[in-house]
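# Close look at the chain arrangement
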Amino acid sequence: IVASNLMASSYLAQLGPQAAPLGSTSAFLSRALFRAFVRLARRVPAETPLAIRELVDPSRWGHPGAWSRWEGESERTLRMLLPHLPVGQPSSAVFTRDSLIVVAKENFAHPLDRGQRARERSAARHGASFLSQQAMHARRPTDDDDDQRQRLDYALTALRVLSSQLSLAERTCRSGGTETNGIVVETAVAPHHDHGGRGEELFSKSSPSSSGDQSGDPGVFRYCYRVRVENHGSSSVRLVGRSWIFKGADGSVASCVPRWGKGVVGMEPVLEPGDVYEYYSGSTIPTREGVMEGALLFLGPSDVPERLAKLRLPTQDEMSTGNVNIPGTGTFEVQVDSLILKP
């Protein structure tokens, strides 16, 4: 896959408007890219389709949370990442192995249509990614060879997007659903890289003791995580607490937010049906790899958001028992499955 990327990227970089016809070279590159795409597509688990998501952005750690609506969000993200796809195709941004291959067959060789520039400008206005910003400046093909070059470039982009989405899926878990009043919590994690560093320096925030004592702190490793709360239910809820535990590779607790830390990023957001609330945070562990797990505490549900203020929160003594489903308090929790922390 890497070889296909490098080979095609290198070749396309050398092509100019006056380059000789692509001919059989184009067909060879197309087959190589398609085979690479199929290999990646086969990594999609048969029982778990791949949903297109925005990548984790560690630069948002420390910023306020953000609101959106969950309906159609994956489709909007797909359109921003790959704005050259024909209008209405694909109809869904959730893919099985087979549907990914079908999309590749239908679109890798699809000529640019008249709606191309309009979609690219629209994607840019709505916060398009760097990849779609690049595509925005693509000119319309002047001839068949030029069209082939552009389609090869888009195939490379699709290959890179699929690779990054598969990596993100391995670092993401979804919890909750019908048993939690329609509240779904999606947690994704990524290593936090210091800007300007390279290699190991990207990931290490501190170095061994300057005194030369090699038995000291070997360095800490920073991870950023994104928490998305989606309300798929028919009533409103308020997010009032959180609990997180971060462990190193040896199983020791590196840091934690005990039950129940008040709110998230300084807020107790109320989510009405269809709402999504997303926030970023992070932690450090003393080893390159580790585990994080936790839970979120909600107040509700209520058909009228204003009534949430009248529901009683559990007392500290009640919460210390670990049982938040206490009659009269109107609270429930969503457990977040363990996530592996790794570079």
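Attention here is on the structure that accompanies the text. Since the model is a prediction, treat every value here as computed from it, not as a measurement. (Residues numbered from 1 in each chain as written. Predicted model: local features only at pLDDT ≥ 70, side-chain atom pairs only at ≥ 80, totals over all residues. Heavy atoms only, no water.)

## Things to note about the nonpolar core
- Counting 28 residues, the largest nonpolar core has F37, L78, L82, L100 and L162 as its most contacted members.
- Where this core is concerned, the elements lending two or more residues are α2 (24–41), α3 (73–81), α4 (97–107) and α7 (144–170).
- It is α7 that contributes the most residues to this core, eight residues altogether.
- Apart from residues lying up to four places away in sequence, L78 is in contact with I52, L85, P90, S92, A93 and F95. (Core = buried A, V, L, I, M, F, W, Y, C linked by side-chain atoms within 4.5 Å. Buried < 20%, exposed > 50% of the residue type's maximum accessible area, 1.4 Å probe, protein only. Helix = DSSP H or I, 4+ residues; strand = E, 2+ residues; numbered from the N terminus. Contact = heavy atoms within 4.5 Å.)

## Observations regarding the packing of aromatic side chains
- Within this structure, the stated rule accounts for four aromatic pairs.
- Each ring, one from Y225 and one from W244, has its centre 5.4 Å from the other, and the planes form 50°; the classification is tilted. Placement of the pair is Y225 in strand β6 (residues 221–231) and W244 in strand β7 (residues 236–248), with a sequence separation of 19 residues. The burial state of Y225 is the same as that of W244; both residues are buried.
- Ring pairing ties together the aromatic residues Y225, W244 and F246, which thus form one cluster. (Phe/Tyr/Trp six-rings, centres within 6.5 Å; stacked < 30°, edge-to-face > 60°.)

## Quick look at the sheet that holds strand β4 (residues 172–177)
- Taking strand neighbours across the sheet as the criterion, the five strands line up as β2-β10-β6-β5-β4 in an open arrangement whose pairing is antiparallel. The sheet is open, and its two edges are formed by β2 (66–69) and β4, each paired on a single side. In this sheet, adjacent strand axes meet at a mean angle of 25° when their direction is disregarded. (Pairing = 2+ DSSP bridges. Axes fitted to C-alpha atoms, helices over the stretch in contact; angles between N-to-C directions.)

## A few points about the side chain of R53
- Mapped onto the elements, R53 comes out in the loop between β1 (50–51) and β2.
- R53 gets classed as buried once you look at its relative accessible area, which sits at 15%.
- In this structure the side chain of R53 is engaged in a polar contact, spanning 3.4 Å, whose partner is the backbone oxygen of A51.
- There is a polar contact of 2.9 Å between the side chain of R53 and the side chain of E186.
- In this structure, R53 is in contact with T77, Q165, L168, A169, T172, R174, E186 and R226, ignoring residues within four places of it in sequence. (Polar contact = N/O pair within 3.5 Å; in protein donor to acceptor, adjacent residues only side chain to side chain.)

## Here's the deal with a positive patch on the surface
- Positive charge collects at one region of the surface, where R31, R35, R39 and R42 lie side by side.
- Note on placement: R35 falls in helix α2.
- What makes R35 partly exposed here is its relative accessible area of 41%. (Patch = residues over 30% accessible without salt bridge, like charges linked within 9 Å, V, L, I, M, F, W, Y side chains within 5 Å. Areas by Shrake-Rupley, 256 points an atom, 1.4 Å probe, with all protein chains shown as cover. Salt bridge = Lys/Arg side-chain N within 4 Å of Asp/Glu carboxyl O. Lys, Arg positive; Asp, Glu negative; His and termini not counted. Charge placed at Lys NZ, Arg CZ, Asp CG, Glu CD.)

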